Amino acid sequence: MISLGLVLLVALAGALSGAADKLPTDSLVAEAARPEVFYGNPAACDSLIGLLAGNDGEHTGELLGMLETPWAAYYAVIRRALEKIGGPAREAVLERLADGKMDHDSALLLTILEKLGDKSAEKILPRFLQSAQPEVVIPAARCLAVFGPSAESRDLLASLLADSIPQIRLAAVWALGRICLRDSAAVDSAVLGGKIQPLLKDRYPLIRFSAGETLGIITGDTAGIPQPLIPAR
């Protein structure tokens, strides 16, 4: 077990920079994620994340292999380190997603791609929207909300508005709103609005609210947006 004193010396003072290259990735993550560091000493946490992201992203593969963790702080440290690595991490995520598997690992990778991706990554996403697994569809929709402006993406998301799974309906209508907010001129508002209208009477308040919000983005009229906690009529 790497001692707190050693890690902090390496992370904060840089006095043992040669030893830093030899510190195990899992030990750096564990130290950065300790409540006393993650919550109590953000500067130390940032320094440790800098170590994880350093040396041209040499820890990328190990970090991606550690994504599945029950601890929120561990996941946050790993995500932030991958975001700091940037391009090499994005390419590694895309390479792993290229196998087309619709599994839990792909879902985790898509949550990272949401922060790392760009328009060039959009081409891999449509097949994930067609997955039978909500845990894969939802992060794929969130990715499109961030960097997916193409007509194909909008059409695929629109096809999910009537999905039997409420979480997918919510992800689809929310993502469409974000896409339209970026590029409303490219949207056929009459067609898309007609597909969203039924969600204004959805049994779930948050879906009704998100549908109204997206319609407001498309039409510019926000007066009739249903409030999240008011029952549908």
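Residues numbered from 1 in each chain as written. Predicted model: local features only at pLDDT ≥ 70, side-chain atom pairs only at ≥ 80, totals over all residues. Heavy atoms only, no water.

**Q** Can you explain the overall build of the protein chain? Please cite residues and give values.
**A** Scanning the protein chain from N- to C-terminus turns up 15 helices and zero strands. Each of the 233 residues in the protein chain was classed as buried or not, and the buried ones make up 46%. Carbon and sulfur atoms make up 56% of the accessible area of the protein chain, which totals about 11,500 Å². (Helix = DSSP H or I, 4+ residues; strand = E, 2+ residues; numbered from the N terminus. Buried < 20%, exposed > 50% of the residue type's maximum accessible area, 1.4 Å probe, protein only. Areas by Shrake-Rupley, 256 points an atom, 1.4 Å probe, with all protein chains shown as cover.)

**Q** Can you tell me about the confidence of the model for the protein chain, naming the residues and giving the values?
**A** Per-residue confidence for the protein chain gives a mean pLDDT of 84, with 82% of residues at or over 70. Taken as a whole, residues 5-9 scores under 50 in pLDDT and shows 10 contacts with residues more than four places along the chain or in a different chain. With pLDDT under 50 throughout, residues 11-19 is counted as low confidence; its partners more than four residues away or in other chains account for 11 contacts. (pLDDT = per-residue confidence, 0-100. Contact = heavy atoms within 4.5 Å.)

**Q** Can you break down the environment of serine 131 residue by residue, with the values?
**A** Note on placement: serine 131 falls in the loop between helix 10 (126-129) and helix 11 (134-147). Note: C-alpha distance between serine 131 and aspartate 103 (28 residues apart in sequence) is 9.3 Å. The residues contacting serine 131, other than those within four sequence positions of it, are Met102, Val136 and Val137. In terms of polar contacts, serine 131 uses its side chain to reach the backbone amide nitrogen of glutamine 133, at 3.0 Å. (Polar contact = N/O pair within 3.5 Å; in protein donor to acceptor, adjacent residues only side chain to side chain.)

**Q** So what about the environment of aspartate 163? Which residues, and what values?
**A** Residue position: aspartate 163 is located in the loop between helix 12 (151-159) and helix 13 (166-182). By relative accessible area, aspartate 163 is classed as partly exposed at 22%. Discounting residues that sit within four places of it in the chain, aspartate 163 has contacts with Ile168 and Arg169.

**Q** Which residues make up a negative patch on the surface, and what values go with them?
**A** Together, Asp26, Asp56, Glu58 and Glu62 line one region of the surface with negative charge. In this fold, glutamate 58 is placed in the loop between helix 5 (42-57) and helix 6 (60-65). Classification of glutamate 58 as partly exposed rests on a relative accessible area of 43%. (Patch = residues over 30% accessible without salt bridge, like charges linked within 9 Å, V, L, I, M, F, W, Y side chains within 5 Å. Salt bridge = Lys/Arg side-chain N within 4 Å of Asp/Glu carboxyl O. Lys, Arg positive; Asp, Glu negative; His and termini not counted. Charge placed at Lys NZ, Arg CZ, Asp CG, Glu CD.)

**Q** Before we move on, could you go through the pattern of salt bridges and cite the residues and values that matter?
**A** One pass over the full model with this rule turns up seven salt bridges. Here arginine 34 ties to glutamate 36 by a salt bridge, and the two come within 3.2 Å at their closest N and O atoms. Under the relative-accessibility criterion, arginine 34 is labelled partly exposed at 24%. The partner of glutamate 83 in a salt bridge is arginine 79, and the shortest N-O contact between them spans 2.7 Å. Of this pair, glutamate 83 and arginine 79 both sit in helix 7 (residues 72-85), four residues apart, which is roughly one turn of the helix. By relative accessible area, which is 29% here, glutamate 83 ends up partly exposed. Judged by its relative accessible area of 22%, arginine 79 is partly exposed.

**Q** Just give me the short version of the layout of surface pockets, but keep the residues and values in it.
**A** Taken as a whole, the second largest pocket encloses approximately 200 Å³ of empty space. Lining the second largest pocket are Leu64, Gly65, Leu67, Glu68, Arg96, Asp99, Lys101, Asp103, Asp105, Ser106, Leu108 and Leu109. At the level of secondary structure, the elements contributing two or more residues to the lining of the second largest pocket comprise helix 6 and helix 9 (104-116). Among the elements that make up the lining of the second largest pocket, the one with the highest residue count is helix 9 (four residues). Counted by class, the lining of the second largest pocket contains four nonpolar, two polar and six charged residues. (1 Å grid on protein atoms, 1.4 Å probe; cavity = no way out; pocket = protein on both sides within 12 Å on 5 of 7 lines; lining within 4 Å. Points joined across faces, edges and corners; volume = space filled by probe spheres on them. Nonpolar A, V, L, I, M, F, W, Y, C, P; charged D, E, K, R; others polar.)

**Q** I'd like a description of the nonpolar core, backed by residues and values.
**A** Burial of nonpolar side chains together is a common tendency in soluble globular proteins. Membership of the largest hydrophobic core comes to 69 residues, with the highest contact counts inside it found for Val77, Leu82, Leu110, Leu113, Leu129 and Leu157. Discounting chain neighbours no more than four positions away, the residues touching leucine 82 are Thr60, Leu63, Leu64, Leu67, Ala89, Ile112 and Leu116. (Core = buried A, V, L, I, M, F, W, Y, C linked by side-chain atoms within 4.5 Å.)

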